[in-house]
Amino acid sequence: MSIKSKARNALPYSVAISVVNILVALFGIVLLVRHLEAKEYGIYALLNALPALFNMLLALGYDQYLARYVPSMTSGDTVRNTVWNIIFRRSVLVISFSILMTVGFSGYAQYFGLDGYFQHLSTYLVIVVFYIAHDLLKKSLLARFSQKTVLFNNIIHELGRITVIVYGVSIDAQLLFFIQGLVVVQTLSFSVLGIVFLRQYGVPPIMKILRPIKETKEEKDYRWGSYIDKLGGSFLGTDIDRYVLAYFSTNIQVAVYAIATRILSKVMDIYPNRMFLYLIQPVVYSRYDENKDDSQLNEAFRFLCSANNIIGFLLVAVFAPLGEELLLLVFDQEYVLQAYWPLLIFLGFLMLENMPLTIVAKAIQKPKILIISKAAFIFNIAVGIPLAYYYGAAGMAVATATSGTIRNGIIYILVNRHITLRMPWLAILKSILNAALTILAIVLLSQVIVGLVLFKAVFGVLIYLLLLKYNSVFTPSEAKLLISLTPPKFKKIAAALV
């Protein structure tokens, strides 16, 4: 089966994975925010950032190694031995680090408002262990085009998570109950995925797990480059920001920031380069490895930019005029209104920050570019600390969003030394026009209709789609590519939109 056929077959499952994640996760966020006090939700937000921080610090680039090299492995035995070796060795490292955090709790708890939450932290560290193992296994399956397996596992995971939250809310449970329930869910999710992987690839020999995997110099350089890139990127992300806010501001501001960034992270899941990331990566990497055709890589970049902008400008067009009303309607907590500005700031910068430049840099195997770009984290920390101190969550959002844009600017300049990237400027201008006209239409409607925020949001989406139809951001060849990648059942819908 060709790569294009594999991609087309996996496409519906990639969409389904993202849709399930978005809807179920947002529902869970809403229930927890409504149920927990602001301070307790702030504590939960700090703990919830631990898996990403551990993964960033201790993955040592093996997560990116799996995504980059597993797609081209021709032997099932090689896939099996490589994946289980990496999972085992990373898990040992994570467990060791978790023990150190537990033992040293009293030394750092007071600085982040965690005093009195030792049991919460120690319990959550169990989630971290299984989360990282699960993440590595999931990346491996996605790299082998097993989107269907990952979808079913996601459904099990999210249903389990929602069951815990709904039941906890119904019995008026404390924060610790939710954490204990999520331990069970994460353990079950990893076990299910592990059993499926074992049945597909078999049980590896014990020595294949214990001994370090053999890497070529190119693979090792790529892995370490990706690791340093990700390590630097963590200082440009929002997980460390929560700890900056906890130290220099208040747990309330942590809660506000967490709500804004959690919504943002789920919204970003509908961006094409995020929704189809584990589908795009093997396709782009495999095709480029075959022919080293810069023009094809350029076409993929422009196509993804335009596709991302469709979503990004739609979100801004609806949220800018209606955001506060939507937040209050959904969360029913007055303090949540403070999340409007951080979220709007992130959405406004997202089009610049979310360009698929990382995929291009990795395709041409220049991870050093990504490492250099992480110099932008200096701006994030240097500017973020005073902004967090004086302006709380909104100040932190300005620093993080700006530093992310600076990072992408650095990548763009350095990538262009190896391949000439052509930005789709006309498509960007069309997207800006479509968004501006949509905002104007919503504002005018709001002058006539008071309330009915959901009606106005749907109205805005329809106006935007209508404008998109008659002011398309895709070139004819890009529209043809989109339709060709769409499964037969949805080709008419795709054709109608472009």
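Each value, and the rule that gives it
- Residues numbered from 1 in each chain as written.
- Predicted model: local features only at pLDDT ≥ 70, side-chain atom pairs only at ≥ 80, totals over all residues.
- Heavy atoms only, no water.
- Helix = DSSP H or I, 4+ residues; strand = E, 2+ residues; numbered from the N terminus.
- Buried < 20%, exposed > 50% of the residue type's maximum accessible area, 1.4 Å probe, protein only.
- Contact = heavy atoms within 4.5 Å.
- Areas by Shrake-Rupley, 256 points an atom, 1.4 Å probe, with all protein chains shown as cover.
- 1 Å grid on protein atoms, 1.4 Å probe; cavity = no way out; pocket = protein on both sides within 12 Å on 5 of 7 lines; lining within 4 Å.
- Points joined across faces, edges and corners; volume = space filled by probe spheres on them.
- Phe/Tyr/Trp six-rings, centres within 6.5 Å; stacked < 30°, edge-to-face > 60°.
- Patch = residues over 30% accessible without salt bridge, like charges linked within 9 Å, V, L, I, M, F, W, Y side chains within 5 Å.
- Salt bridge = Lys/Arg side-chain N within 4 Å of Asp/Glu carboxyl O.

Asker: Looking at this structure, how should I read the overall build of the chain?
Answerer: Scanning the chain for helices and strands turns up 24 helices and 0 strands. Per-residue burial over the chain gives 54% buried out of 498 residues. In the chain, of all internal contacts separated by at least 6 residues, the share reaching a separation of at least 24 is 83%. About 21,900 Å² of surface is accessible on the chain, with carbon and sulfur atoms providing 67% of the total.

Asker: Honestly, the layout of surface pockets in this entry has me stumped. Any pointers?
Answerer: To locate leftover empty space, one rolls a probe as large as a water molecule over the atoms. Approximately 370 Å³ is the volume attributed to the second largest pocket. N81, T82, K208, I213 and K214 are, among the 16 residues lining the second largest pocket, the residues nearest its centre. Elements represented by at least two residues in the lining of the second largest pocket include exactly helix 4 (62-69), helix 5 (76-103) and helix 10 (206-210). Here the lining of the second largest pocket gets 5 residues from one element, more than from any other, and that element is helix 5.

Asker: I tried to follow the packing of aromatic side chains on my own but got confused; where do I start?
Answerer: Each aromatic ring pair is characterised by the separation of its centres together with the angle its planes make. Using the criterion set out here, one finds 17 aromatic pairs in the structure. Ring plane angle 40° and centroid distance 5.9 Å describe the contact between Y41 and Y44, whose orientation is recorded as tilted. With a gap of 3 residues between them, Y41 and Y44 both fall in helix 2 (residues 38-48), about one helical turn apart. Ring geometry for Y167 and F177: centres 5.9 Å apart, planes at 50°, overall tilted. You can see Y167 sitting in helix 8 (residues 147-170) and its partner F177 sitting in helix 9 (residues 175-201), a full 10 residues away along the chain. Classification of Y167 by relative accessible area gives partly exposed; the value is 47%. Under the relative-accessibility criterion, F177 is labelled partly exposed at 27%. Here a set of aromatic residues connected by ring pairs shows up, and it is made of Y111, F112, Y243, Y247 and F248.

Asker: What am I meant to see in a nonpolar patch on the surface here?
Answerer: Taken together, the side chains of Y111, Y247, F248, Y389, Y390 and Y391 define a hydrophobic patch exposed on the protein surface, amounting to about 750 Å² of accessible area. Looking at the nonpolar patch element by element, the count peaks at 3 residues for helix 20 (residues 377-415). Structurally, Y389 is set in helix 20. A residue is classified by how much of its surface remains accessible, and Y389, at 53% relative accessible area, is exposed.

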